[in-house]
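Here are the chains, one letter per residue:
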Amino acid sequence: MAAQEVASQPSDTLTTLKTESETLKTKLEEERAKLHDVELHQVAEKIEALGQFVMKTRRTLKGHGNKVLCMDWCKDKRRIVSSSQDGKVIVWDAFTTNKEHAVTMPCTWVMACAYAPSGCAVACGGLDNKCSVYPLSLDKNENLAAKKKSVAMHTNYLSACCFTNSDMQILTSSGDGTCALWDVESGQMLQSFHGHAADVLCLDLAPSETGNTFVSGGCDKKACVWDMRTGQCIQSFETHESDINSVRYYPSGDAFASGSDDATCRLYDLRADREVAIYSKESIIFGTSSVDFSLSGRLLFGGYNDYTINVWDVLKGTRVSILFGHENRVSTLRVSPDGTAFCSGSWDHTLRIWA
Amino acid sequence: MARDMSDKDILKMELEQLQKEVKNTREPVSKTAKEICEWVEAQSAEDPLIKGVPEDKNPFREKGGCIIT
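Given the structure is predicted, the values throughout are model-derived calculations rather than measurements. (Residues numbered from 1 in each chain as written. Chains lettered and ligands numbered in written order. Predicted model: local features only at pLDDT ≥ 70, side-chain atom pairs only at ≥ 80, totals over all residues. Heavy atoms only, no water.)

**Observations concerning the overall build of chain A**
This is how it is decided: Under the DSSP-based scheme used, a helix requires at least four consecutive residues in state H or I and a strand at least two consecutive residues in state E, with every element numbered from the N terminus. Each radius of gyration is computed over the set of C-alpha atoms, and the globule rule expresses the reference value as 2.2 Å times the number of residues to the power 0.38. By the convention used here, residues are in contact when the closest approach between their heavy atoms is within 4.5 Å. Areas reported here follow the Shrake-Rupley algorithm with a probe of radius 1.4 Å; residue values treat only the protein chains shown as occluding. Two residue types count as positive, namely Lys and Arg, and two as negative, namely Asp and Glu; His and chain ends fall outside the count. Charge positions come from single atoms, namely NZ of Lys, CZ of Arg, CG of Asp or CD of Glu.
On a plain count of helices and strands, chain A comes out with 3 helices and 28 strands. For 355 residues, the compact-globule formula gives about 20 Å, and the C-alpha radius of gyration of chain A, at 21 Å, lands near that figure. Along the longest, intermediate and shortest principal axes, the C-alpha atoms of chain A span 70 × 50 × 35 Å. Restricting to contacts in chain A with at least 6 residues of sequence separation, those with at least 24 account for 45%. For chain A, the exposed surface amounts to about 14000 Å²; the carbon and sulfur share of it is 50%. On chain A, the mean spot of the 36 positive side-chain charges and the mean spot of the 44 negative ones are 7 Å from each other.

Have a look at this one:
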């Protein structure tokens, strides 16, 4: 082994590296294929099929002046934070549709927003390359912008952010190709994650019972699973044919789903270390912008650039419903914390709650 | 940062990562898929979007009336 390594040092050219890379990728695929002894939908054949779904828009949240880019639920299952191309971040009471807070960011295209676990703060960012935290005041007259705390600094746009299990740490992903973990109080970077070869567009934290990992997806068509403590990439998957716009952990933590510009959603099993399902139809030709699971993981909701939301049976691989309503691309979608409803945001400036 | 790295550095990074991943342990899909199915079936009964929620209990159903929070 050692002699071979020494011999390959001088020919460290792009071509040699590429060939080695291709060889390893083939080997990795072979190892994975050895354990691919059955398809998920075959194992799921005996399971009862799902009945007809009647899901409708129950609330429409109007107020943004431009495309809605991101949204997140509060743990109280009724409040929602959303961010828009118009630079505004709004906190809504989804039951009553009232706006509770509004913040104007110094930049347009606020691509990321997240609610703190305590419900007392929101984080957001976008073209300003930063992630800022705003404590939410009970005093409606208080100027939220005055209390703003800049936490994360990237060298390119912020694409996604998410609090970890407490209000004290935030995980971010950026157009600069990296993800990072930050301490909210000091603004210090605790860990950085390098491995993507292009913009990172999305991330999702593993359910707390599963441990300290998160998954990210990017313009390099790769989805990577990271160890938050060491900064190492544990597993990576490159089966999508275009940018991965959204990644979401399966509720049990043993798998994750992804949505991509290649018009498919896919399911990756972390223990089998491979893609185990593709959710696609010939008639679906527009990219998926966002995905999320229902509480049990039986349903996968996908928001698409053709203005629709497709609902998939995760186990059988079939589509169970298609939801119409938005008048432009669906850009963001999250199921509520107790699974009773889900919210979608769109380039049509509105958010809709479906149940 | 990926944008500042040369093509060669990016390839080296990918190569190192692949070398690590080839050594990962993995389980057969027949086992893991079965476990995923079992997990889902156990949880489905309590999934509000699957089993449905009666009109009077779901706060997102028709507006109007009292909501006690």
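**Side note on the sheet that holds strand β10 (residues 158-163) of chain A**
Residues and elements named next belong to chain A. We apply this condition: A strand pair is defined by DSSP finding two or more bridges across the two strands. Angular values range over 0 to 180 degrees, each being the angle between N-to-C directions of two axes fitted as lines to C-alpha atoms, with helices fitted over their stretch in contact.
The 4 strands lie next to each other as β10-β11-β12-β13, forming an open sheet whose pairing is antiparallel. Only two strands of the sheet have a single neighbouring strand rather than two, namely β10 and β13 (189-194). Going across the sheet, the axis of each strand differs from the next one's by a mean of 15 degrees, ignoring polarity. Relative to β13, strand β12 (residues 178-183) is paired through 5 bridges, and the arrangement is antiparallel. Among the inter-strand pairings, Ala180 is bridged to a residue of β13, identified as Ser192.

**Examining the pairing of strand β14 (residues 200-205) of chain A**
Residue and element names in this part refer to chain A. Going by this rule: Buried residues are those whose accessible area, probed at 1.4 Å on protein chains only, stays under 20% of the maximum for their type, while exposed residues exceed 50% and partly exposed ones sit between those limits.
With 6 of its 6 residues buried, β14 lies for the most part within the structure. Where β14 meets strand β15 (residues 213-218), 5 bridges bridge the pair, whose relative direction is antiparallel. Across the sheet, residue Cys202 finds its bridge partner in β15, namely Gly217.

**What to know about the UniProt feature "repeat: WD" (unreviewed entry) in chain A**
All names here are of chain A. What counts is decided by this rule: UniProt positions are given in the numbering used here, feature names are shortened, and annotations may be inferred rather than shown by experiment.
Those residues carrying the UniProt feature "repeat: WD" (unreviewed entry) are residues 61-102, 151-192, 193-236, 237-278, 290-322 and 323-355 in this numbering. Between the C-alpha atoms that bound residues 61-102 there is a distance of 14 Å. The span itself is 0% helix and 57% strand. Between the first and last C-alpha atoms of residues 290-322 the distance is 15 Å; the span itself is 0% helix and 58% strand.

**Section: the packing of helix α2 (residues 14-34) of chain A against helix α1 (residues 7-22) of chain B**
Put simply, the test is: Under this scheme an angle from 65 to 115 degrees is roughly perpendicular, one under 35 degrees roughly parallel, and one over 145 degrees roughly antiparallel; angles in between are oblique. Crossing handedness follows the turn of the near helix against the far one: under a right angle anticlockwise gives a left-handed crossing, and clockwise gives a right-handed one. Each residue receives one of three labels: charged for Asp, Glu, Lys and Arg, nonpolar for Ala, Val, Leu, Ile, Met, Phe, Trp, Tyr, Cys and Pro, and polar for the others, Gly being one of them.
In the contact formed by α2(A) and α1(B), the axes pass within 9 Å of each other and the chain directions differ by 25 degrees. Here α1(B) runs roughly parallel to α2(A), going by the angle between their axes. For the element pair α2(A) and α1(B), the recorded crossing hand is left-handed. Between α2(A) and α1(B), the residues in contact are Leu14(A), Leu17(A), Lys18(A), Glu20(A), Ser21(A), Leu24(A), Lys25(A), Lys27(A), Leu28(A) and Arg32(A) and Asp7(B), Lys8(B), Leu11(B), Lys12(B), Leu15(B), Leu18(B), Gln19(B), Glu21(B) and Val22(B), respectively. Its residues placed into classes, the contact of α2(A) with α1(B) shows 8 nonpolar, 2 polar and 9 charged.

**Thoughts on the state of the cysteines**
A covalent bond between the sulfur atoms of two cysteines is referred to as a disulfide. Residues and elements named next belong to chain A. Selection rule: Note on disulfides: each one is a pair of cysteine sulfur atoms within 2.5 Å.
Under the defined criterion, the tally for this structure stands at 0 disulfides over all chains. For Cys113, which is in no disulfide, the shortest distance to another cysteine sulfur is to Cys70 and amounts to 3.8 Å. With a relative accessible area of 3%, Cys113 lands in the buried category. Take Cys162: it sits in no disulfide, and the sulfur closest to it among the cysteines is that of Cys161, at 7.6 Å.

**So, the interface of chain B and chain A**
One frequently used descriptor of interface size is the decrease in accessible area upon assembly of the parts. Rules: Note on terms: buried area is the combined drop in 1.4 Å-probe accessible area of two parts once they are placed together, counting the loss on both. Whenever Lys or Arg places a side-chain nitrogen within 4 Å of a carboxyl oxygen from Asp or Glu, that contact is recorded as a salt bridge. For the purposes of these results, a polar contact is taken to be a pair of N or O atoms within 3.5 Å, where, inside protein, one atom must be able to donate a hydrogen and its partner to accept one; residues adjacent in sequence count only when each atom of the pair is a side-chain atom.
Each partner contributes residues to the interface: chain B has 48 residues there, and chain A has 76 residues. Summed over both partners, the interface of chain B with chain A comes to about 5400 Å²; 65% of that surface belongs to carbon and sulfur atoms. Looking only at chain B, the three residues that lose the most surface to chain A are Arg26(B), Leu49(B) and Phe60(B), adding up to 17% of its buried area. Seen at the junction of chain B and chain A, the total is 4 salt bridges. We note a salt bridge from Arg271(A) to Glu35(B), for which the minimum N-O separation is 2.5 Å. If you look at where chain B meets chain A, you find 15 residue pairs in polar contact (both at pLDDT 80 or more). Taken together, the elements giving at least two residues each to the side of chain B that touches chain A come down to α1, α2 (29-44) and α3 (48-51) of chain B. Ranked by the residues each element gives to the side of chain B that touches chain A, the list is headed by α1(B), at 14 residues. Grouping the constituent residues of the side of chain B that touches chain A by class yields 21 nonpolar, 10 polar and 17 charged.

**Describing α2(A)**
All names here are of chain A. For clarity, the cut-off: Expected helix span is taken as 1.5 Å per residue step, with the number of steps being one fewer than the number of residues. Taken from the helix axis, the directions to the C-beta atoms give the arc we talk about.
The end-to-end C-alpha distance of α2 is 30 Å, a good match for the 30 Å that 21 residues give at a rise of 1.5 Å each. Those residues of α2 not exposed but buried are Leu17, Ser21, Leu24, Leu28 and Arg32. Each buried residue of α2 lies within a common arc of 75 degrees when the element is viewed along its axis, so the set occupies one face. Of the residues in α2, the exposed ones pointing more than 90 degrees away from the buried face are Thr15, Thr23 and Lys34.

**Let's talk about the confidence of the model for chain A**
Using the following cut-off: pLDDT expresses, on a scale from 0 to 100, how confident the predictor is about each individual residue.
The predicted model of chain A has a mean per-residue pLDDT of 93, with 95% of residues at 70 or higher. In the model, residues 1-8 of chain A has pLDDT below 50 throughout and makes 0 contacts with residues more than four positions away in sequence or in other chains.

**Quick word on the sheet that holds strand β2 (residues 68-73) of chain A**
Residue and element names in this part refer to chain A. Across the sheet, which stays open at both edges, the 4 strands sit in the order β2-β3-β4-β5 with antiparallel pairing between neighbours. Unpaired on one side and paired on the other, β2 and β5 (98-104) mark the two borders of the sheet. This sheet shows a mean twist of 20 degrees between the axes of neighbouring strands, independent of strand direction. Taken together, the 5 bridges between strand β3 (residues 79-84) and strand β4 (residues 88-93) define a ladder with antiparallel strand orientation. Bridging across to β4, Ser82 finds its partner in Ile90.

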